[in-house]
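Here is what each chain is made of, one letter per residue.
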Amino acid sequence: MYQKSKIMWLKMLPLGRLWAKDVSAIAPQLKENHVRFVGVGVEELGIEDFVKGNFFSGELFIDTDKKTYSDLGFKRFNIFTVMKDLLSSISRSAISRGKQMNLGGDMKGDGYQNGGALIVSAGGKEVLFSFKQEGLAEHVPNRTILEALGIPAKDSDAPGSDATSGGPVCNDDVCSLPPKK
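About the thresholds
Residues numbered from 1 in each chain as written. Predicted model: local features only at pLDDT ≥ 70, side-chain atom pairs only at ≥ 80, totals over all residues. Heavy atoms only, no water. Helix = DSSP H or I, 4+ residues; strand = E, 2+ residues; numbered from the N terminus. Buried < 20%, exposed > 50% of the residue type's maximum accessible area, 1.4 Å probe, protein only. Contact = heavy atoms within 4.5 Å. Areas by Shrake-Rupley, 256 points an atom, 1.4 Å probe, with all protein chains shown as cover. Right-handed = clockwise from strand over helix to strand, strands pointing away. Salt bridge = Lys/Arg side-chain N within 4 Å of Asp/Glu carboxyl O. Polar contact = N/O pair within 3.5 Å; in protein donor to acceptor, adjacent residues only side chain to side chain. Arc of directions from axis to C-beta.

1. Remarks on the overall build of the protein chain
1) Next: Of regular secondary structure, the protein chain possesses 7 helices and 7 strands.
2) Next: Put simply, the protein chain runs from its N terminus to its C terminus through helices and strands in the order β-α-α-β-α-β-α-α-α-β-β-α-β-β.
3) Next: The burial tally for the protein chain puts 42% of its 181 residues in the buried class.
4) Next: A separation of at least 24 residues holds for 66% of the contacts in the protein chain among residues at least 6 apart in sequence.
5) Next: On the protein chain, roughly 10,000 Å² of surface is accessible, and the fraction owed to carbon and sulfur atoms is 54%.

2. Observations regarding the pairing of strand β2 (residues 35-41)
1) Next: The element β2 is extensively covered by neighbouring structure, given that 6 of its 7 residues are classed as buried.
2) Next: Where the polypeptide runs from β2 across helix α3 (residues 47-52) and back to strand β3 (residues 59-62), its parallel neighbour, the crossover connection is right-handed.

3. Details of the pattern of salt bridges
1) Next: For the structure shown, the criterion picks out 3 salt bridges.
2) Next: Linking D22 and R97 is a salt bridge whose minimum nitrogen-to-oxygen distance equals 2.6 Å. Of this pair, D22 sits in helix α1 (residues 16-24) while R97 sits in helix α6 (residues 89-100); the two residues are 75 residues apart in sequence, bridging distant segments of the chain. The exposure classification of D22 matches that of R97, with both residues buried.
3) Next: Two residues, E59 and R36, come together in a salt bridge whose shortest N-O distance is 2.6 Å. Residue E59 is located in strand β3, and its partner R36 is located in strand β2; the two are separated by 23 residues in the primary sequence.
4) Next: A residue is classified by how much of its surface remains accessible, and E59, at 32% relative accessible area, is partly exposed.

4. Points about the side chain of N142
1) Next: Looking at the element boundaries, N142 is found in helix α7 (residues 142-149).
2) Next: The class for N142 is buried, based on a relative accessible area of 2%.
3) Next: In this structure the side chain of N142 is engaged in a polar contact, spanning 2.8 Å, whose partner is the backbone oxygen of D22.

5. Side note on α7
1) Next: Those residues of α7 that sit buried are N142, I145, L146 and L149. Down the axis, α7 shows its buried residues gathered within 95° of arc, on one side only.
2) Next: Phi turns positive, to about 75°, at G150, one or two residues after α7.

6. Digging into unusual backbone geometry
1) Next: Positive phi outside glycine occurs at H34, with the angle close to 60°.
2) Next: With respect to the element layout, H34 can be found in the loop between α2 (27-32) and β2.

Written out as C-alpha cells, the structure is:
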C-alpha cells in the first residue's frame, strides 16, 4: 500500500492513555488516506496493559535507549515541572476526563520524558508538522493533525481536544481551557 505520510506519536505521561485514545479516534481516516500511524514508547513497563486496553490504534514501538527522543531534541521533565503541571487547571481537567473514561493508569515508569508528535511526508523527506510537549497536558488536537496531512476534518475528529468537549484547546504552542458555559 502506498504510504502518503507517517505520524509518530511519542509518549506523554501521565496522560498518555488519554492522548493515545484521543488521537486513535482519527485512525480510520488516517488509514483511508494511507497514513502510517506509529507510537513510540520509552519502556516495556506497562506495555501489556496499554495494548490490552486498546488505547492506541496504530503500530507501537519501544525505544528503551530513547534515541528517537534524543535525536529529535526532546527534553525531560523534572520533579518540579511535573508537580507544577499536575496542579495546573489544564492537567486537572485532562486527568478528570481520563478518570471519567475509566482509562486507569499509574505513575510507574519514566514519567519524566516529554513527548510530542512528528508528521513527515512519504519517505521522510519533509517534516509536515512537529510538536514537542512543554507541559504534561499539552497535546496536538486531531484537527491540527488532519490539517497538517491535508485531510478534511470532521466534527467527530477531535474528542477531548476542542471547545465542545470541555477539554483543552491547543494551537501552536499554547493550550487553554474553553470558556465555561
